[in-house]
Structures are given as structure tokens and as C-alpha cells.
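In case you want the letters, here they are:
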Amino acid sequence: MPPFVTKQALLLVLFLLATAKLMATHVVGGDITYRHMAKDSFEITLTLYIDCINGNPAAISGDTNAMVGVFDTAGNLQYGYLKYRGLPQRINSVNYNCVQPPSNACVDKYIYTYLVRLPYINGGYILTYQRCCRNNSITNIVNPGQTGATYWAYLPDTVQTKGYNSSAIFKTVPPNFLCNNRDFIYDHSATDADGDSLAYELYTPYIGADQFNNLPRPPSRPPYVGVIWQAPYDVNNMMNGLPELNINAKTGLLTVKPRNVGQYVVGILTKEFRKGVLINLSRRDFQFNVLLCQFNLVTSFTNNIKTCSDTVTFMNNSFGATSYLWDFGIANSTIDTSTLKEPTFIFPRPGSYAVKLKIGNANCTDSTTAIVNILSDTIRFAGNDTVLCKGSSIVLGVFDTTQYKYTWRPSLFLNDSTLAQPRSTPTQNIQYIATRKSEYCTNTDTVNINVNEVNAYFATKLESNCTDATLFIDSVKPYKYLDWFLNNTAIELKNLEGRKFPFHTPYTIQLVANDSFCSDTLVKNFIPTQTDSITLIPNIFTPNGDSKNDCFQIRGIQLGNECTSLIIFNRWGHVMFDSSKDGICWNGTYAGNKAIPGVYFYILKYRDKDYHGTITLIY
């Protein structure tokens, strides 16, 4: 355990150290964390990041030992711990492929470890280290060469009363340089030994110490204030990138695309939650060096492509590559790739696609992703050509959640010609032309609707006799399937034709015609009745050969069947004509001779009635 310095002994140390002030412009960043060991024993870790090219060598040497001050929350100094550092660790991590490491960026990492006892006090402890100064070339803060840094951590009393705790520890250290106008993506997440939940955000780093007291021992008492940002920079715009520096609150993924060369101070904060309650914060203050990098291999092609066509030819601006692999960003597809330098690809539908190009040579590989926006397409959006049964309806078009404006022509048979999916109920063949417009594009498509009409047609004829009528059917259209029904009971046509139906009884005949695609039904109702009737019985006729009224007959009826008979006799009762053996009409003769002019008598039997009367024969 390092020497435990009381307040009195600490004053003597401070006096001796005050005689050896070292003006410094070498501080790149730092953080303080702690780890619970046992009961009130803790291990405090101070990590300093030092500029090993531009930093003052004397100042770097002067940081052989470092003092961490321990304060209560009222700002009273409780302890001061002095510790020598270990050997530096050179930060050589590179976040880019195929880049030539710059010679003007160098960062060393120094670690100071303190094993201490911190008995419980109300409110807990504040652990602090301060050093001046930052690099004078820093871009985003005011007077960086005269501005120091404060690295501090809070050890709350709840840590010792509600279960001991250790700080969250950042997994790795950012690389010592970023490349201008290149996407920087870095996992700046942390781990927690206690399994607490972590969240991340950016914060304004703190100032501490100055050119007059550049290595305060002990550090100044809390509270501490943040650096003064140089306009237009602030906590939400630390690097003026496009996109700007951002950290994902859940994952700790740090992203930025710098657009200016320079040095930028950045603050990253980890929040530690236990059962939903915030119990601690861990901070890292770090300087990012943005350089104009030299690459051996660069991937580049047009970003944010917006096109009304579904077919895109990609222009490849990469250099240094001998191989290419394109992934066109189609979800759940393994065939949306190409190894051509400048391929042409047909996208399946409108939308936004993340297209990735990976290139390589014998030494390294590089990749980049760009967004392609297909604003419209040439695929069918009016729907497929369809055969429709007459009387049926169909919904045209395809389902669409985008902000297209639709027009369908003609509007005939449509419920609404401005919908993406109008309903059509056509009665004849028709072709629709659909037009849809977006902010950028206009596209057209056509769809043909053919109306298939099945007509279940038939004609009926009834021939009456004395008591019933005989049914005959003709003019039936020859469809593939013809189903007949008599009074809703299926019947074959051969059993329907020639069937006798009694008079005065209602009947229903139904035909269902089907051509394997559409069907039609025709229903006919009928009541068999007598088809003949007496309309006129003449009382005179003139069989004189002039073809006018030469034969005595009764209109509306037909003689010669079992329902009707006519007998004509003279005044002496002699039968002159009998329709049952003499034909259907009396021509005024008897036994081949002309009958005597005069009055004759007749008896007409028609169905179930007898009619009597006289007729006069005149030549």
C-alpha cells in the first residue's frame, strides 16, 4: 500500500514539490476508476494519456509520480496518495484499413495504481487528479495551452452501505489518430465487474490546474467546472463532423466523420445503474487527433443515389484495388452480389438499400457502404392481367404504404380512380392505365381485364292436349357443364324433354351453365294451360269456289283430336259431316254432291263442353 499521507505531512510534501513546477503542454487525456477489494479497501487506478511527440519532455519526466486527492463531498481534503507510474504503453491501434501510420501522432499510456483504505463517511468520497496543460494546438476549446485537466470519480456512500461496488472500466483506448473525411466507428463501451447496467453519453471535460500551478498537490477542491468551448463547438458539436460525433446510449458505439484536420478534446461518460437506480459515473477525457491520412487502398463510389429507375450502374472511384465484391443490400438474399468493378444491378422494388463495396489487393482490404434510394421502379404495380366472370369485381394494383399519387384511366367501372388499389366491377373487356407520381418520379403501368360471360339460355315450348301439356326445350348453348333442375331437384335433360305437365300446376326449370371458369344460372317458371280456345263460330258460309269462306271451320280450335269433335246434320237429323271421319272442315258437300242451300244444325264438343247452333249454307 502506498504511503498514507496525513494532512500535516501532506503540507510538507506540497512545499517541497512547489519548488519544482514544470510548465507542460503534453496532456492528451485521462480517467480515474476504482475497484473494491475487501471491506473498506479499494484499488484506485489513474490513467494518463501523454503526447509523446509534441509533449514537453521535462513535463513528461515530471509526471513520474502522481498524487490523487481524496475529498469529502463538502470539498474537504481527507487524504492524499502519491504513487509512481509504471512503464509507458504506446498506443498503436489503427481504426482504418490500408492506411500509412502518420509520423506526427504519438500517444503513451501511463498507469498509477493506489491501494487505499477509505472508511465510511457520510456522503462518500471524491477522487481527483489535476494536471496542466493541454496541447496548445487543440481546436475546440479556448486557450488550450493554458488549460489543464481534472480527472475525477465519485465513490458514493451507498457503495459502502448497500453493497460494495467497482467502477465501470472502458474496454480499450481509442486510436491515437482519426482520418479526415473518413468514417470513424469505435466501440467505446465498458465492462462492469458487478454486472450493473451501463449507459453512455458525451460530456464536457473539466479544467484544472493552470500555467501558474500546473501540477497542484493536492488537487484543488471540488466542485469542478468544464472547459470553455471555442465557437462553434460545444458538447453537442465537439468535432464539427458530418455526421457529428455521437455515442450510442445503449451500445457505446462512437461514430463520427471528421471534416477538418485538427485536435479535439472529447468527453465520454458511462452511467452505472443497479436495479434501475443510477449509482455511479465513469469519465474519460481524451484528445482526438484528426489527420490528413495517406491510404494505400481506398474504397469509393457515389453515395445517396436517388433514381426513378430500378436499374443502377455503379461508378467505382476506388483506387489501389485488384479485387471487388459488391453486396447490393437485398434482405435475405445470397445472390445480390457482383465481382465486377462497375456492375449494373436491378433492384426488386422501391426502397432504400445499403450497398456495400469491399475491395482488396495483396496487402489489405477496405470497404464502404453507401445508400441507394430507388424512388420508383419498372415492375408491375397495376396488377396482373385477369379474366373475370361477368358480375364479379376485382381489386387492382398492389398494396402501397408510400406517398405516391395515383390516377387510373379510364375511371369506368372503378369505385375511386385515385386509390392505389381501386375496385373494378366491369361488364366488358377493359384496359386500365395506372399512373403514379412521387416527389421525383412518374411511372405508368397497364392491366387488362377480360370479362368472361356465360349465358345459361334455353327456350321452352309446350304442346297441349286434352288434360296436360308436353314440354320441349331447344336453343341451349353448349357449355362444358350443363346442370338441369326441376323444382330444385337435379334431372337429366333427356328426362325433361317430352315430359307431360298437368294443366294449372306451377313448375320451375333451372339451368346452371359452367365453362370451367365462370357460371351462370337461368330460372324459368311456367304454368301449363290450354293453348286453344273458341274465338268465333260462324253462322254462314259460302262454298262457291272463290276461296273465301269455302269451308266451315271454328277459329281457335283444331278438329281431329280426342278433345274436339263437330257433327253437322240437316233438319231431318241426317248427319252431313262428322269430324271424326270426314276431316277438319265441312266444304258443303255430302257423298260427293253439293248439299241443298239452307239452314243446318251443328253440335260442337270442345273438351268438356257441348256447343249447339245453326249455320246457313249459301252458294
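Residues numbered from 1 in each chain as written. Predicted model: local features only at pLDDT ≥ 70, side-chain atom pairs only at ≥ 80, totals over all residues. Heavy atoms only, no water.

Draft legend 1. View of the overall build of the protein. Scanning the protein from N- to C-terminus turns up five helices and 47 strands. A compact globule built from 619 residues would reach a C-alpha radius of gyration of about 25 Å, whereas the protein, at 54 Å, exceeds it by more than 25%. Taking the principal axes of the C-alpha coordinates as reference, the protein spans close to 175 × 60 × 40 Å. Scored against the burial criterion, the 619 residues of the protein give a buried share of 45%. In the protein, of all internal contacts separated by at least 6 residues, the share reaching a separation of at least 24 is 65%. Roughly 31400 Å² of accessible area belongs to the protein as shown, and the carbon and sulfur atoms make up 52% of that amount. (Helix = DSSP H or I, 4+ residues; strand = E, 2+ residues; numbered from the N terminus. Rg over C-alpha atoms; globule rule 2.2 N^0.38 Å. Buried < 20%, exposed > 50% of the residue type's maximum accessible area, 1.4 Å probe, protein only. Contact = heavy atoms within 4.5 Å. Areas by Shrake-Rupley, 256 points an atom, 1.4 Å probe, with all protein chains shown as cover.)

Draft legend 2. Examining the side chain of Asn 289 more closely. For Asn 289, the position within the fold is in strand β19 (residues 277-291). Given a relative accessible area of 6%, Asn 289 falls into the buried group. Within polar-contact distance, the side chain of Asn 289 engages the side chain of Gln 263 at 3.0 Å. In this view, Asn 289 contacts Val 107, Asn 176, Phe 177, Leu 178, Gly 262 and Gln 263; residues no more than four positions away in its chain are not counted. (Polar contact = N/O pair within 3.5 Å; in protein donor to acceptor, adjacent residues only side chain to side chain.)

Draft legend 3. Main features of the sheet that holds strand β16 (residues 246-247). The antiparallel open sheet is built from three strands, whose spatial order is β13-β17-β16. Since the sheet does not close on itself, it has two edges, and those belong to β13 (184-187) and β16, each with one partner. (Pairing = 2+ DSSP bridges.)

Draft legend 4. Expanded view of the sheet that holds strand β34 (residues 459-464). Spatial ordering of the open sheet is given by β34-β35-β38, a layout of three strands whose pairing is antiparallel. Strands with a single pairing partner mark the edges of an open sheet, and in this sheet they are β34 and β38 (500-502). The mean inter-strand angle of the sheet, taken between neighbouring strand axes irrespective of direction, is 35 degrees. The sheet contact formed by strand β35 (residues 468-474) and β38 spans three bridges and is antiparallel. Bridged to Thr 470 within β38 is Lys 500. (Axes fitted to C-alpha atoms, helices over the stretch in contact; angles between N-to-C directions.)

Draft legend 5. Spotlight on the packing of aromatic side chains. Evaluation of the coordinates by the stated rule reveals 34 aromatic pairs. Judged by centre distance (6.2 Å) and plane angle (10 degrees), the ring pair of Trp 326 and Phe 328 falls under stacked. With respect to burial, Trp 326 and Phe 328 carry one shared label: buried. Through successive ring pairs, a cluster of aromatic residues spans Tyr 49, Tyr 96, Phe 177, Phe 184, Tyr 186, Phe 286, Phe 288 and Phe 295. One cation-aromatic arrangement involves Arg 436 over Phe 381; the distance from NZ or CZ to the ring centre is 4.1 Å. The aromatic ring of Tyr 404 is capped on one face by Arg 436, whose charged end is 4.3 Å from the ring centroid. (Phe/Tyr/Trp six-rings, centres within 6.5 Å; stacked < 30°, edge-to-face > 60°. Lys NZ or Arg CZ within 6 Å of the ring centre and 35° of its normal.)

Draft legend 6. Representation of the pattern of salt bridges within the structure. By the definition in use, this model includes 15 salt bridges. Arg 131 serves as the salt-bridge partner of Asp 63, at 2.7 Å between the closest nitrogen and oxygen. One end of the pair, Asp 63, is in the loop between α2 (57-62) and β4 (65-72); the other, Arg 131, is in strand β9 (residues 125-131), with 68 residues separating them in the sequence. Relative accessible area serves as the criterion here: at 2%, Asp 63 is assigned to the buried category. A salt bridge links Arg 134 to Asp 285; its shortest N-O distance comes to 2.7 Å. With Arg 134 in the loop between β9 and β10 (149-155) and Asp 285 in strand β19, the pair connects residues that are 151 residues apart, well separated along the chain. A single burial state applies to Arg 134 and to Asp 285, both of which are buried. Through salt bridges with shared partners, a single ionic network connects Asp 194, Asp 196 and Arg 274. (Salt bridge = Lys/Arg side-chain N within 4 Å of Asp/Glu carboxyl O.)

Draft legend 7. Up close: the confidence of the model for the protein. When pLDDT is averaged across the protein, the result is 88; 93% of the residues are at 70 or more. Low pLDDT, under 50, characterises residues 1-24; the predicted model gives this stretch 41 contacts beyond four residues in sequence or across chains. (pLDDT = per-residue confidence, 0-100.)

Draft legend 8. Molecular detail of the side chain of Arg 217. By the secondary structure assignment, Arg 217 is in the loop between β15 (197-202) and β16. Despite its burial, Arg 217 pairs with no opposite charge, the nearest such side chain being Asp 63 at 5.4 Å. At a separation of 2.7 Å, a polar atom in the side chain of Arg 217 contacts the main-chain carbonyl oxygen of Asn 65. (Lys, Arg positive; Asp, Glu negative; His and termini not counted.)

Draft legend 9. Examining the state of the cysteines more closely. Taken as a whole and judged by the stated rule, the model has seven disulfides. Each sulfur of the disulfide joining Cys 308 and Cys 441 lies 1.7 Å from the other. With the S-S dihedral at roughly -85 degrees, the linkage between Cys 308 and Cys 441 falls on the left-handed side. Note that Cys 308 is positioned in the loop between β21 (305-307) and β22 (311-313) and Cys 441 in the loop between β32 (430-437) and β33 (442-452), a separation of 133 residues in sequence. By relative accessible area, which is 36% here, Cys 308 ends up partly exposed. (Disulfide = S-S within 2.5 Å.)

Draft legend 10. Here's a closer look at the environment of Thr 589. With respect to the helices and strands, the residue Thr 589 is situated in strand β44 (residues 589-590). C-alpha of Thr 589 to C-alpha of His 612: the two residues are 23 residues apart in sequence and 21 Å apart in space. Every residue in contact with Thr 589, bar those within four places of it in the chain, is listed here: Met 576, Lys 594 and Ala 595. Here Asn 587 takes part through its side chain, which lies 2.7 Å from a polar atom of the side chain of Thr 589.

Draft legend 11. Broad picture of the nonpolar core. Core analysis: the biggest nonpolar cluster contains 41 residues, and Tyr 96, Phe 177, Leu 178, Phe 184, Met 239, Leu 245 and Phe 288 have the highest contact counts within it. The set of elements that each furnish at least two residues to this core consists of β12 (178-179), β13, β15, β17 (253-256), β18 (262-274) and β19. Non-local contacts of Leu 245, meaning those with residues more than four positions away in its chain, are made with Leu 202, Met 238, Met 239, Leu 254, Thr 255, Val 256 and Val 266. Judged by nonpolar contacts, the second largest core, of 27 residues, contains Tyr 81, Tyr 114, Leu 118 and Leu 127. (Core = buried A, V, L, I, M, F, W, Y, C linked by side-chain atoms within 4.5 Å.)

Draft legend 12. The arrangement of the pairing of strand β2 (residues 27-38) in detail. Relative to strand β3 (residues 41-51), β2 runs antiparallel, the two being bridged by 10 bridges. By the bridge assignment, Tyr 34 is partnered in β3 with Ile 44. Two successive antiparallel strands, β2 and β3, enclose a turn made up of two residues, where Lys 39 displays a positive phi of approximately 50 degrees. In the sheet, β2 pairs with β19 via two bridges, with the strands oriented antiparallel.

Draft legend 13. Fine view of unusual backbone geometry. The omega torsion across Cys 132 and Cys 133 is 15 degrees, close enough to zero to call that bond cis. Tracing the backbone shows Cys 133 in the loop between β9 and β10. Although it is not a glycine, Cys 98 adopts a positive phi angle of roughly 60 degrees. Here Cys 98 lies in the loop between β6 (89-90) and β7 (99-100). The backbone of Lys 275 sits at a positive phi, close to 55 degrees, despite the residue not being glycine.

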